[in-house]
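Below, each chain spelled out in residue letters.
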Amino acid sequence: MKICRIFYVHGIRKEKWTTNNQSNVLDDKYARDVYEYLVTYMIDVGFAPSRREISEKLDISGYDVSKAIKKLEVGGYIKREKRKPRAIRLCHYKLVEKL
């Protein structure tokens, strides 16, 4: 799906066509690994892991974890609340309680 963004520069109308970000997000290795870990962790434990836990488990830097989480949020895979720890929700999964 193509998206047109219209903006004005010095009174001149400009158009920028982009594709939907969601299809390209999981092409990034870090984003794919972080997403898979988030899904499995949240299914097993019931809440999101901290960035430090993700970093230690996947053996990547905290900066790369932050970039991957931002890409997943922009792509629509997760939603998060600012300035709250472990405030990540999965958009395409519905978690249910274990019996």
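Scroll up to find the structure.
Reading guide: rules and limits
- Residues numbered from 1 in each chain as written.
- Predicted model: local features only at pLDDT ≥ 70, side-chain atom pairs only at ≥ 80, totals over all residues.
- Heavy atoms only, no water.
- Phe/Tyr/Trp six-rings, centres within 6.5 Å; stacked < 30°, edge-to-face > 60°.
- Helix = DSSP H or I, 4+ residues; strand = E, 2+ residues; numbered from the N terminus.
- Buried < 20%, exposed > 50% of the residue type's maximum accessible area, 1.4 Å probe, protein only.
- Salt bridge = Lys/Arg side-chain N within 4 Å of Asp/Glu carboxyl O.
- Contact = heavy atoms within 4.5 Å.

(A) Just the packing of aromatic side chains, in detail. Under the definition given, this model contains three aromatic pairs. Between the aromatic rings of Tyr37 and Tyr41, the centroid separation amounts to 5.7 Å while the plane-to-plane angle is 45°, which identifies the pairing as tilted. Taken as a pair, Tyr37 and Tyr41 lie in helix 2 (residues 29-45) at a separation of four residues, close to a single helical turn. Tyr41 shares its class with Tyr37; the two are buried. Ring centres of Tyr41 and Phe47 lie 6.3 Å apart, and the angle between their planes is 75°; on these two criteria the pair is classed as edge-to-face. Of the residues examined, Tyr41 reaches a relative accessible area of 16% and is grouped as buried. Connected via pairs of aromatic rings, a cluster forms that spans Tyr37, Tyr41 and Phe47.

(B) Expanded view of the pattern of salt bridges. For the coordinates displayed, the defined rule picks out six salt bridges. A salt bridge links Lys71 to Asp28; the nearest nitrogen and oxygen atoms lie 3.1 Å apart. You can see Lys71 sitting in helix 4 (residues 62-75) and its partner Asp28 sitting in the loop between helix 1 (22-25) and helix 2, a full 43 residues away along the chain. Overall, the relative accessible area of 38% leaves Lys71 in the partly exposed class.

(C) View of unusual backbone geometry. Unlike most non-glycine residues, Asp59 shows phi in positive territory, near 55°. Turning to its location among the elements, Asp59 is positioned in the loop between helix 3 (51-58) and helix 4. For Asp59, a relative accessible area of 70% gives the class exposed. We note that Arg86 has phi near 55°; this positive angle belongs to a residue other than glycine.

(D) Up close: the environment of Lys82. Along the chain, Lys82 falls in the loop between strand 3 (78-80) and strand 4 (88-90). By relative accessible area, Lys82 is classed as exposed at 53%. Setting aside residues up to four positions removed in sequence, Lys82 forms contacts with Lys70 and Glu73.

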